[in-house]
Amino acid sequence: MKQFLSRSSSLTTLQRRFAHLNILRNSSFATLTDKDITQFESLLGPNGILTGDAVEPHNSDWTKKYHGHSKLVLKPKTTEEVSAILRICDDKRLAIVPQGGNTGLVGGSQPVFDEIVLNFSRMNQIIDFDESYGIITCEAGCILQDLHTYLNAKGYLMPLDLGAKGSCQIGGNLATNAGGIHFIKYNSLHANCVGLEAVVPGGRVLDNITTLRKDNTGYDLKHLFIGAEGTLGAITKCAILCPPLPKFRHLCLVSCRSFEQVLKILRSAKHELSDILQAVEFMDGNAMETTLSQLNFKNPFESRLYPFYALVEVASNREGTETPDRLYELLGSADDLIIEGVVAQDETQLSHIWQIREEIASAYIKRGYTLKYDLSLAPEHFYKIVDDTRDVISRSPTFTANEKHSIAVTGYGHIGDGNVHLNVCIPGYDDHDLQDRLSGLVDGYVFEYVRKARGSVSAEHGVGLQKAQYLNYSKSENMIHYMKEIKRVFDPHGIMNPYKVLPDAK
Ligand SMILES: Cc1cc2nc3c(=O)[nH]c(=O)nc-3n(C[C@H](O)[C@H](O)[C@H](O)COP(=O)(O)OP(=O)(O)OC[C@H]3O[C@@H](n4cnc5c(N)ncnc54)[C@H](O)[C@@H]3O)c2cc1C
């Protein structure tokens, strides 16, 4: 028999690592053996499993914050293989974590201890496109960008668009109910997913793949898997409703003196441009400055920097609906809301401006260790939480003057949907003591603020490991009770993505 596992790994070390989160490895889970690995290899073939060093990229996340200790990645090609895997894992009590593109930002797609990684990258086939209704049916491992490219060639687009589209998979998007930049126009994946196939522990396949727009035959179970973050089962296929590709797009980037002016721009964009409004995004001066400097991007305003920025995009099939100049005028130049604005004159300029917005997250990760909060808040709290967090850090005796100076606090996000991304960043990744002191102060402050303001601790990234202990800040006791009951129905032994979302679900 091939020797796959190193015998040196100690679970007590792993348990210590997560002690501060009060997470202990669930002792009812089995430990993977060479015999198990041989069984999976004979099921999936040699290209269907990864062991040894090849597992390592699947153990860590994009933010460099979460590191698991899996010894095995499984890469099925068919729903039948996923079903066999989940039957074996359930029988043997082997815990498993589904992983798509691994771009999630809440520590949801990495193992915490030694869970097996279930990777979907080989399930990447487009199955069908219904041109009459604009519905694409595909496997869960399709990369979002590939779906856009396929649909654009047919005159359609995916209703979901986000900065990680080159790596994230539609299965991961559904599992997180990802929002993205066009949510204001096309709404959530709950609205656009018309069919879904999922496999649950024990191996049952829930085949709800359909392209019917209407189907009122009892409970609509697919919605339970959208946003479940892989805690109920594995999504294997989906059917998504896609809008026609607009022929004309215009994008305007404006700068403002105050956040109140940004809110006025949002209001005029909603009023004046309602049916053609495709995106309203926001970033503060720190986000713009950090992105330009870390990624060496050209400043659309030459060397001038401003406190706040808004991006407004319109799209339409009727030429001349809004010319770029008219767009700028409608947004409030006449009311003196805008200090300076630029309107993209062609596709290159349009992509450049979008790139600045979409690469903000990458710029901070390049700068250093970043605490990331993805919050839903009412307009009056949207930027106040950024100012208040900055203030709390500057008044805290926990940090030296030099440390305070090095901490960047920024706000950006999908202002059209009330979704702010608050990031707190220190340079580099080596100062673990500062990282701990920072998260010790800021986590509690931010989530408590959100609870009091009746916001959501997760607008679009999900709960994962990061926010599992704060779920009750945004969900009532009764709701959490029924979430646990639902989890028990599909996953009685708790093997699906344990420790995430509902850490104490049995
Ligand atoms: C630069 C950048 C920009 C981003 N912008 C946005 C944004 O605008 N909006 C937004 O919502 N998010 C955004 N994200 C976060 C991330 O891209 C999304 O959460 C995305 O939907 C994750 O997809 P993924 O395939 O990478 O999933 P992963 O990260 O691999 O997994 C995410 C979760 O889904 C589960 N999962 C994955 N695949 C499956 C499956 N087939 N079946 C069941 N469960 C599964 C995992 O277990 C995990 O809990 C961004 C991330 C980055 C790095």
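Rules and cut-offs
Residues numbered from 1 in each chain as written. Predicted model: local features only at pLDDT ≥ 70, side-chain atom pairs only at ≥ 80, totals over all residues. Heavy atoms only, no water. Pairing = 2+ DSSP bridges. Helix = DSSP H or I, 4+ residues; strand = E, 2+ residues; numbered from the N terminus. Axes fitted to C-alpha atoms, helices over the stretch in contact; angles between N-to-C directions. Contact = heavy atoms within 4.5 Å. Near = heavy atom within 4 Å. Polar contact = N/O pair within 3.5 Å; in protein donor to acceptor, adjacent residues only side chain to side chain. Areas by Shrake-Rupley, 256 points an atom, 1.4 Å probe, with all protein chains shown as cover. Nonpolar A, V, L, I, M, F, W, Y, C, P; charged D, E, K, R; others polar.

**Student:** Tell me about the sheet that holds strand E6 (residues 135-139), and please be specific about residues and values.
**Tutor:** Within a sheet, each strand pairs with its neighbour through backbone hydrogen bonds, oriented either parallel or antiparallel. Sheet architecture is open: five strands sit in the order E5-E6-E9-E7-E8, paired in antiparallel fashion. Of all strands in the sheet, those bounded by a partner on one side alone are strand E5 (126-130) and strand E8 (205-208). Pairs of neighbouring strands in the sheet enclose a mean axial angle of 10°, with direction left out of account.

**Student:** An account of the environment of Val386 is needed here, citing residue identities and associated values.
**Tutor:** The topology assignment puts Val386 in helix H15 (residues 384-395). Val386 sits 35 residues away from His421 along the chain, and the two C-alpha atoms are 9.2 Å apart. Dropping the residues within four chain positions of it, Val386 is found in contact with Asp284, Val409, Thr410, Gly411, Val420 and Leu422.

**Student:** Let's hear about the site of the ligand: which residues, and what values?
**Tutor:** Around the ligand, 34 residues are found, and the nearest of them are Pro98, Gly100, Gly101, Thr103 and Gly104. Within the backbone of Gly104, one N or O atom sits 2.7 Å away from an oxygen atom of the ligand. At a separation of 3.2 Å, an oxygen atom of the ligand approaches a polar side-chain atom of Ser109. Protein contact buries 96% of the 980 Å² of open area that the ligand shows by itself. Counting residues per element, the shell around the ligand draws most heavily on helix H5 (residues 170-176), at five residues. Looking at side-chain class alone, the shell around the ligand contains 12 nonpolar, 20 polar and two charged residues.

**Student:** Which residues make up the side chain of Gln466, and what values do they have?
**Tutor:** Structurally, Gln466 can be placed in the loop between helix H17 (432-452) and helix H18 (477-490). Engagement of the side chain of Gln466 in a polar contact is seen with the backbone oxygen of Lys372, the distance being 2.9 Å. Setting aside residues no more than four positions away along its own chain, Gln466 makes contact with Tyr66, Leu105, Val106, Lys372 and Tyr373.

**Student:** I'd like a description of the sheet that holds strand E12 (residues 308-316), backed by residues and values.
**Tutor:** Pairing in this open sheet of seven strands is antiparallel, and the strands run E13-E10-E12-E11-E15-E16-E14 from one edge to the other. Strands with a single pairing partner mark the edges of an open sheet, and in this sheet they are strand E13 (340-343) and strand E14 (370-376). Each strand of the sheet is rotated relative to its neighbour by a mean of 15°, with strand direction disregarded. Across seven bridges, the pairing between strand E11 (residues 277-284) and E12 is antiparallel. Across the sheet, the residue bridging to Asp284 is Phe308, located in E12. Against the sheet, helix H10 (residues 285-295) engages strand E10 (248-256), E11, E12 and strand E15 (408-414), with an angle of about 85° to E11. Strands in contact with helix H12 (residues 347-358) are E10, E11, E12, E13, E15 and strand E16 (419-425); relative to E10, the strand with the most contacts, it is inclined by about 50°.

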